[in-house]
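In case you want the letters, here they are:
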2 protein chains.
Amino acid sequence: MENSAENVRSQMRKGVLEYCILSILDKKEAYASSILEELKAANMIVVEGTLYPLLIRQKNQGLLSYRWEESTQGPPRKYYCITDKGRQQLGEMDTAWQEIVDTIKTIKEK
Amino acid sequence: MENSAENVRSQMRKGVLEYCILSILDKKEAYASSILEELKAANMIVVEGTLYPLLIRQKNQGLLSYRWEESTQGPPRKYYCITDKGRQQLGEMDTAWQEIVDTIKTIKEK
DNA sequence: TTAGGTACTTTGTCTTGCAAGGTATTTAAA
DNA sequence: TTTAAATACCTTGCAAGACAAAGTACCTAA
């Protein structure tokens, strides 16, 4: 029911995942499994059941688009790429993130 | 259904609220309305319907305790105060928060 | 033709945030 | 004296998101 340390991290991840996805795709297009790897490499543990629905949501919101591409090493891959609308939202997220970081700083310092 | 800018902020706030509460109460005891004011002052908009259940949850987890105190200016106040267990969890949250900040930095820089 | 790897998807549960509405106490005006 | 306003705290019902677990599909090589 509660695994303190891991649960704490899990809760905090909420809300920044979308920001991470857009940031990753702002650099270059990528397919789900590779995004998953980059997130894990950056210490942001996510699982498939979280990532796939999230990508679909962002695509439905017009923040992402995708195209299928054959792979030489298995089934075809769905390459996602950020849209203009996605880039605009990413800008808002950059601001929002900075605000939250500052808010925490304010609360801790006072 | 969607108010982009505000929605973005709202999503990101998720998961850091508990951290904010513990941080505030780590400095000195306080009652709900005053916590609400401090959060608003720090730009972390929260509403009563979010804060009260959260305080109750943290109290039930043994992270907080409280005592009633009469007020000269209205109804009695429920003063919350952080417990040893709460301080321990706050330590874990400090680490988790720093990790997430670093993760975002890593993703953005690469 | 079967096993293993790669990749994408769905379902059900739990937690959290929030809008909206409710209860209770005190003080001061009408 | 009753009414209104301010201060506090609490509850209900809904929506969104994270995750575990299970499922589907494609490809390659033994």
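Residues numbered from 1 in each chain as written. Chains lettered and ligands numbered in written order. Predicted model: local features only at pLDDT ≥ 70, side-chain atom pairs only at ≥ 80, totals over all residues. Heavy atoms only, no water.

Peer 1: Just checking my understanding: could you explain the protein's contact with DNA strand C for this structure?
Peer 2: Near DNA strand C, the surroundings consist of 26 residues, among which Tyr52(A), Pro75(A), Arg77(A), Lys78(A) and Thr50(B) are the closest. For DNA strand C, the fraction of atoms within 4 Å of the protein that belong to sugar or phosphate moieties is 70%. Ser33(A) places a main-chain nitrogen or oxygen 3.2 Å from a phosphate oxygen of DNA strand C. One nitrogen or oxygen atom from the side chain of Arg57(B) is found 3.3 Å from a phosphate oxygen belonging to DNA strand C. Those elements giving two or more residues to the surface near DNA strand C turn out to be helix 3 (32–41), helix 4 (48–60) and strand 3 (74–82) of chain A together with helix 1 (4–13), helix 2 (17–27), helix 4 (48–60) and strand 3 (74–82) of chain B. Residues belonging to the surface near DNA strand C are distributed by class as follows: nine nonpolar, ten polar and seven charged. (Near = heavy atom within 4 Å. Polar contact = N/O pair within 3.5 Å; in protein donor to acceptor, adjacent residues only side chain to side chain. Helix = DSSP H or I, 4+ residues; strand = E, 2+ residues; numbered from the N terminus. Nonpolar A, V, L, I, M, F, W, Y, C, P; charged D, E, K, R; others polar.)

Peer 1: Looking at this structure, how should I read the layout of surface pockets?
Peer 2: Empty pockets left among the atoms are what a rolling probe the size of a water molecule brings to light. Approximately 430 Å³ is the volume found for the largest pocket. Forming the boundary of the largest pocket are 23 residues, of which Gly15(A), Leu17(A), Glu18(A), Leu54(A) and Arg57(A) lie nearest the centre. Of all the secondary-structure elements, those providing two or more residues to the lining of the largest pocket are helix 1 (4–13), helix 2 (17–27), helix 4 and helix 5 (84–109) of chain A together with helix 1 of chain B. If one sorts the elements of the lining of the largest pocket by residue count, helix 4 of chain A sits on top with five residues. The space that makes up the second largest pocket amounts to roughly 260 Å³. Contributions of two or more residues to the lining of the second largest pocket are made by helix 1, helix 2 and helix 4 of chain B. Among the elements that line the lining of the second largest pocket, the one with the most residues is helix 4 of chain B, at three residues. For the lining of the second largest pocket, the residue count by class is six nonpolar, four polar and five charged. (1 Å grid on protein atoms, 1.4 Å probe; cavity = no way out; pocket = protein on both sides within 12 Å on 5 of 7 lines; lining within 4 Å. Points joined across faces, edges and corners; volume = space filled by probe spheres on them.)

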